[in-house]
Amino acid sequence: MTIEMTVVHSIEALQGMLDRNKREGRKVGFVPTMGFLHEGHMTLVKQAREHNDIVVMSIFVNPAQFGPGEDFEAYPRDAKRDASLAKEAGVDILFMPTPEEMYPLDGGVRILPGPQSKVLCGASRPGHFDGVLKVVLKLFNIVDPDRSYFGMKDAQQLAIIETFVRDYNLRTSIERVPIVRDQDGLAKSSRNVNLTEMERAEAPVIQQALKKGALLFNKGVSVDEIEQEIAAFITENSSGIMDYVSLLSYPALTEWDGSSDEAILACAVKFGKTRLIDNTIMSTKGWLTCSE
Ligand code: PAF
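Just so it is clear, the model here is predicted, and its values are computed rather than measured. What you see as residue numbers is a count from 1 along each chain, following the sequence as written. In keeping with the predicted nature of the model, local features appear solely for residues at pLDDT of at least 70, side-chain atom pairs appear and are counted solely at 80 or more, and the whole-chain, interface and lining totals rest on all residues. Side-chain numbers come from the whole structure's heavy atoms, not from hydrogens or water.

Got a minute to help me understand the packing of aromatic side chains in this structure?
Centre distance and the angle of the planes are the two values used to describe a pair of aromatic rings. Only Phe, Tyr and Trp rings take part, Trp by its six-membered ring, and two of them pair if their centres are within 6.5 Å. Stacked means planes under 30 degrees apart, edge-to-face means over 60, and tilted covers everything else. In total, this model carries seven aromatic pairs according to the counting rule given. Consider the rings of Phe66 and Tyr75, whose centres lie 5.9 Å apart with planes at 75°: the pair is edge-to-face. This pair shows no difference in class: Phe66 is buried, exactly as Tyr75 is. In textbook terms, an aromatic cluster arises when at least three aromatic residues are bridged by ring pairs, as seen for Phe30, Phe140 and Phe150. The criterion is that NZ of a Lys, or CZ of an Arg, lies within 6 Å of the ring centre and within 35 degrees of the ring normal, and then a charge sits over that ring. Its guanidinium or amino end placed over the ring of Phe66, Arg125 lies 5.9 Å from that ring's centre, counting from NZ or CZ. Type-normalised accessible area, obtained with a 1.4 Å probe on protein chains alone, sets the label of each residue: buried when under 20%, exposed when over 50%, and partly exposed for intermediate values.

Honestly, the sheet that holds strand S5 (residues 147-151) in this entry has me stumped. Any pointers?
Sheet strands pair via backbone hydrogen bonds, and the direction of the pair is either parallel or antiparallel. Strand order across the open sheet formed by six strands is S1-S4-S3-S2-S5-S6, with parallel pairing between neighbours. Edge positions in the open sheet fall to strand S1 (6-8) and strand S6 (173-177), since each of these has one partner strand only. Direction aside, the axes of adjacent strands within the sheet are offset by 25° on average. Bridge count for S1 against strand S4 (residues 93-95) is three bridges, and the pairing is parallel. Considered in S4, the bridge of Val8 is made with Phe95. Between two residues, a contact is recorded if the distance between any of their heavy atoms is within 4.5 Å. To obtain an axis, a line is fitted to C-alpha atoms, over the contacting stretch when the element is a helix, and the angle between two such axes runs from 0 to 180 degrees between their N-to-C directions. The helix and strand labels rest on DSSP assignments: H or I over at least four residues marks a helix, E over at least two residues marks a strand, and numbering proceeds from the N terminus. Packing of helix H1 (residues 11-23) onto the sheet brings it into contact with S1, strand S2 (28-33), strand S3 (54-59) and S4, and relative to S4 it is tilted by some 150°. Two strands are said to pair when DSSP picks up at least two bridges between them.

Looking at this structure, I do not really get unusual backbone geometry. What am I missing?
Pro251 follows Tyr250 through a cis peptide bond whose omega is 5°. Take Pro251: it is sitting in the loop between strand S7 (241-250) and strand S8 (262-271). Phi is positive for Asn169, close to 50°, though the residue is something other than glycine. Turning to its location among the elements, Asn169 is positioned in the loop between helix H7 (155-167) and S6.

What's the story with the sheet that holds strand S9 (residues 274-283) in this structure? I'm lost.
If you walk across this open sheet you meet the three strands as S7-S8-S9, and the pairing is antiparallel. Of all strands in the sheet, those bounded by a partner on one side alone are S7 and S9. Sheet twist, expressed as the mean angle between neighbouring strand axes with direction ignored, is 15°. Alignment of S8 against S9, held across ten bridges, turns out to be antiparallel. When the sheet's bridge partners are listed, Cys267 is paired in S9 with Asp278. Sheet strands in contact with helix H10 (residues 223-237) are S7 and S8, and its direction is about 150° off that of S7.

I tried to follow the site of the ligand on my own but got confused; where do I start?
Here, proximity means that at least one heavy atom of the residue falls within 4 Å of the molecule or strand. Taken together, Pro32, Thr33, Met34, Asn62, Gln65, Val135, Phe150 and Gln157 make up the full set of residues adjacent to the ligand. One nitrogen or oxygen atom from the side chain of Gln65 is found 2.6 Å from an oxygen atom belonging to the ligand. Here a polar contact is taken to be a pair of N or O atoms separated by no more than 3.5 Å, where protein atoms must pair a possible hydrogen donor with a possible acceptor and residues adjacent in sequence count only if both atoms sit in side chains. Contact between the ligand and Gln157: an oxygen atom at 2.7 Å from a side-chain N or O atom of the residue. Each residue receives one of three labels: charged for Asp, Glu, Lys and Arg, nonpolar for Ala, Val, Leu, Ile, Met, Phe, Trp, Tyr, Cys and Pro, and polar for the others, Gly being one of them. Split by residue class, the shell around the ligand holds four nonpolar, four polar and no charged.

Quick look at the structure:
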């Protein structure tokens, strides 16, 4: 369904529109993104559409969450294509601020995520989650959404944001949305477009490895062995270079000792210049599949 969508670039204009809607009692669902939209984002919008009166999507490639030498410049961007996809998906207000609008001043105040940010991507990308929380808090304050939608592909990000919202009484609920995959199992990601043809053909090895790992977990195989098996499977069956593979409790992201209800098996693999992440959440009460 194609509906009317308003594109706004300024915080003031966005808040003016939202204030009017909120006064009239409308519930606001929020989908924060960095753009180059794909079906994963469309699923977030679909859920937001179902449970709210107004759907706001932000598109902002946040410089604060990229470290030196990371792919900030190479991150794919296409504002025109994104606006058309957002409209088709049912977004009411598309917020596309410039870096100057989002970060006009830096007074030096920092938000420091806790221990959940020290493992997995946080260990490989120091400061990454500081930058994520910085922009997410700003966006939550700007939009003041009733519900905010995040994909499970970034399961660590989601867990850290859930903790942030709980610890700081932020007034939005956080809605977890399952990973969306291509037919061959590769998790949808804006970065997939940067893969060469050969890398794209090899990349589904990540989900295959995670599935193997989940089966081993179900059989009671040790954490070390599972992590080794996954790394070996990926390196033997592709040109991918392992960044990390790790099995931890979820959402605490502490060492797995069998006492929590859920575990995460997560990995990051580099194909050429493109770093891909994926995970599966496994329950001790019967496991959820990789596509969850
Ligand atoms: O997941 C993302 O796309 C980004 O990390 C987010 C949450 C939009 C913050 O920039």
